[in-house]
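# Coordinate inspection notes
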Amino acid sequence: MKNNITIKDVAKQAGVSISTVSRVINDSKPVTDEVKQKVLDVIKETGYIPNPLARSLVTKKSQLIGVIVPELSDSFVNEILNGIEEVAKMYDYDILLANTYSNKEQELKSINLLRAKQVEGIVMISWKVEEEHINYIQSCGMPATYISKTARNYDIHTVSTSNKEATYDMTKYLINKGHEKIAFIMTSKDDTVLEMERLSGYEEALSENNIKLDKSLIKNGGTTYETGYESMKELLDEGIIPHVAFVTGDEAAIGAINAICDAGYKVPEDISVAGFNDVKIAKMYRPKLTTVNQPLYDMGAVAMRMVIKMINKEALENKKIELPYRIVERESVIDRK
């Protein structure tokens, strides 16, 4: 069997024209069942693989969707990607992945690269979507959905959870467990809409339960283990010993746990810790992390489905989709009552 079988070889062996083979491959024009089966049999026998670029020129469809991510090693991103890839496979799409390392210029370059690769749509996961990103994608005429802390600022297709309500409910849960001195470590130093929503949920839960807001308990950190560790260490070094640290990111929460332990305290006996997202490591670490479950897999799956609907010009009921969250009780929060 030849390794470089061409469409011409298939046509010759099947006794049909090249255009007939093309019609069978691309399902572009009708051919008889007999001819179709003959061509498919030859394709199977020879191992012929259609050229995807040539096929896209005929069908005007590349069956490719671009996915832009800020950091491949981030567990939050990984779990979203699982949902994206699963739905892409279901609809016979492949994904082209662009890792930008949270660099704005690289994000813009990635959009251009994906456009050159003739993707039919884009799913963009970014810590900070800006108007320049949106304008550039829209100028390319490509359908796009966004999963980002700042995407809700704009009139675009987004997938998220209700962050204010989730933060409010977790803070209320901690209060009901007898915790009043609640440290709040946010995962951003930027005044993004998402972080302000989370802070608002935290403050509202305290206010409703007659707990005075203590700004010394609030830290602006980051999403990583290292930033969670440093933020918690700062609190302890300042002589602030909270009942519980509510960290709005699981990896950062695990960093906070280790900072507590390194300072000679026990979790949860001395200081409890709660997280946000419910990534896989949350239930693997000891003590297992009490956290807000965001349906990360579903977020990716829904974002991909939205893009495919837009590509196929199907109606979408909403531009902004919020998925349900839930509080997952594990071992890192103690009942102080």
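Everything below is about the structure printed above this text.
Below or above, wherever it landed, is the structure these notes cover. Predicted, not measured: the structure shown is a model, and the values here were computed from it. (Residues numbered from 1 in each chain as written. Predicted model: local features only at pLDDT ≥ 70, side-chain atom pairs only at ≥ 80, totals over all residues. Heavy atoms only, no water.)

### Considering the overall build of the chain
For clarity, the cut-off: Secondary structure follows DSSP: runs of H or I at least 4 residues long count as helices, runs of E at least 2 residues long count as strands, and numbering of each begins at the N terminus. A radius of gyration in this sense is built from C-alpha atoms; the matching globule rule multiplies 2.2 Å by the number of residues raised to 0.38. Buried means the residue's accessible area, taken with a 1.4 Å probe over protein chains only, is under 20% of the maximum for its type, while exposed means over 50%, and partly exposed covers the values in between. Contact criterion: two residues are considered in contact whenever any of their non-hydrogen atoms come within 4.5 Å of each other. In these tables, accessible area is a Shrake-Rupley quantity obtained with a 1.4 Å probe, and a residue counts as shielded only by the protein chains included in the view. Charge assignment: positive for Lys and Arg, negative for Asp and Glu; neither His nor the chain ends contribute. Where a charge lies is defined by one atom per residue type: Lys uses NZ, Arg uses CZ, Asp uses CG and Glu uses CD.
The secondary structure content of the chain amounts to 13 helices and 12 strands. The C-alpha atoms of the chain give a radius of gyration of 25 Å, which is well past the 20 Å a tight globule of 337 residues would have. Principal axes of the C-alpha set define a box for the chain whose edges measure 85 × 40 × 35 Å. In the chain, which comprises 337 residues, the proportion classed as buried is 49%. Counted over contacts in the chain with a minimum sequence separation of 6, partners at least 24 positions apart contribute 72%. Carbon and sulfur atoms provide 48% of the accessible area of the chain, an area that totals close to 16700 Å². If you average the places of the 43 positive and of the 49 negative side-chain charges in the chain, the two averages end up 6 Å apart.

### Observations concerning the packing of aromatic side chains
The test is simple: Stacked, tilted and edge-to-face are the three classes assigned to paired rings of Phe, Tyr and Trp, where Trp is represented by its six-membered ring and a pair needs centres within 6.5 Å; plane angles under 30 degrees give stacked, over 60 edge-to-face, the rest tilted.
Considering all chains together, one arrives at four aromatic pairs under this definition. On the basis of an interplanar angle of 10 degrees and a centroid distance of 4.4 Å, the ring pair of Phe184 and Tyr202 is categorised as stacked. Here Tyr202 lies in helix α9 (residues 193-208) and Phe184 lies in strand β6 (residues 182-186), a separation of 18 residues in the sequence. Across this residue pair, the class does not change: Phe184 and Tyr202 are buried. Aromatic side chains Tyr225 and Tyr229 sit 6.3 Å apart centroid to centroid with 35 degrees between the ring planes, which places their arrangement in the tilted category. Taken together, the positions of Tyr225 and Tyr229, both in helix α10 (residues 225-237) and four residues apart, correspond to about one turn of that helix.

### So, the sheet that holds strand β12 (residues 326-328)
Threshold: Each pair of strands is called paired provided DSSP finds at least two bridges between the two strands. Angular values range over 0 to 180 degrees, each being the angle between N-to-C directions of two axes fitted as lines to C-alpha atoms, with helices fitted over their stretch in contact.
Taken together, the six strands give an open sheet; going across it, the order is β7-β6-β8-β9-β10-β12, and neighbouring strands pair in mixed fashion. In this open sheet, the two strands that pair with only one neighbour each are β7 (218-220) and β12. Neighbour-to-neighbour, the strand axes of the sheet open up by a mean angle of 20 degrees, direction not taken into account. Taken together, the four bridges between β6 and strand β8 (residues 244-247) define a ladder with parallel strand orientation. Residue pairing in the sheet places Ile182 in a bridge with Val244 of β8.

### Examining the side chain of Ser160
Here Ser160 is to be found in strand β5 (residues 158-161). You can call Ser160 buried: its relative accessible area is 11%. Among residues more than four places away in sequence, those in contact with Ser160 are Arg152, Met299, Ile321, Glu322 and Leu323.

### Topic: empty space enclosed by the protein
Threshold: Grid points spaced at 1 Å over the protein atoms alone were grouped into cavities, where a 1.4 Å probe fits but cannot get out, and pockets, open sets with protein on both sides within 12 Å along at least five of seven lines, with lining residues defined by an atom within 4 Å of a point. Grid points are joined across faces, edges and corners, and a volume is the space filled by probe spheres set on the points. Gly is put with the polar residues, along with every residue not named as nonpolar or charged; the nonpolar set is Ala, Val, Leu, Ile, Met, Phe, Trp, Tyr, Cys and Pro, and the charged set is Asp, Glu, Lys and Arg.
Under the definition given, this model contains one cavity of 30 Å³ or more. There is about 310 Å³ of room inside the largest cavity. As for the largest cavity, its lining consists of 25 residues, and the residues nearest its centre are Phe76, Trp127, Lys149, Asn277 and Gln294. For the lining of the largest cavity, the elements supplying multiple residues, two or more each, are α5 (75-90), β4 (144-148), β5, α9 and α11 (250-262). With three residues, β5 is the single largest residue contributor to the lining of the largest cavity. Broken down by class, the residue content of the lining of the largest cavity amounts to seven nonpolar, 12 polar and six charged.

### Looking at the pattern of salt bridges
To be explicit about the condition: Salt bridge, as applied in this entry: a Lys or Arg side-chain nitrogen positioned within 4 Å of an Asp or Glu carboxyl oxygen.
Under the criterion given, the structure shown has 11 salt bridges. The salt bridge involving Lys319 is made with Asp155; its shortest N-O contact spans 3.4 Å. Of this pair, Lys319 sits in the loop between α13 (296-311) and β11 (320-323) while Asp155 is found in the loop between β4 and β5, placing the two residues 164 residues apart along the sequence. With a relative accessible area of 57%, Asp155 lands in the exposed category.

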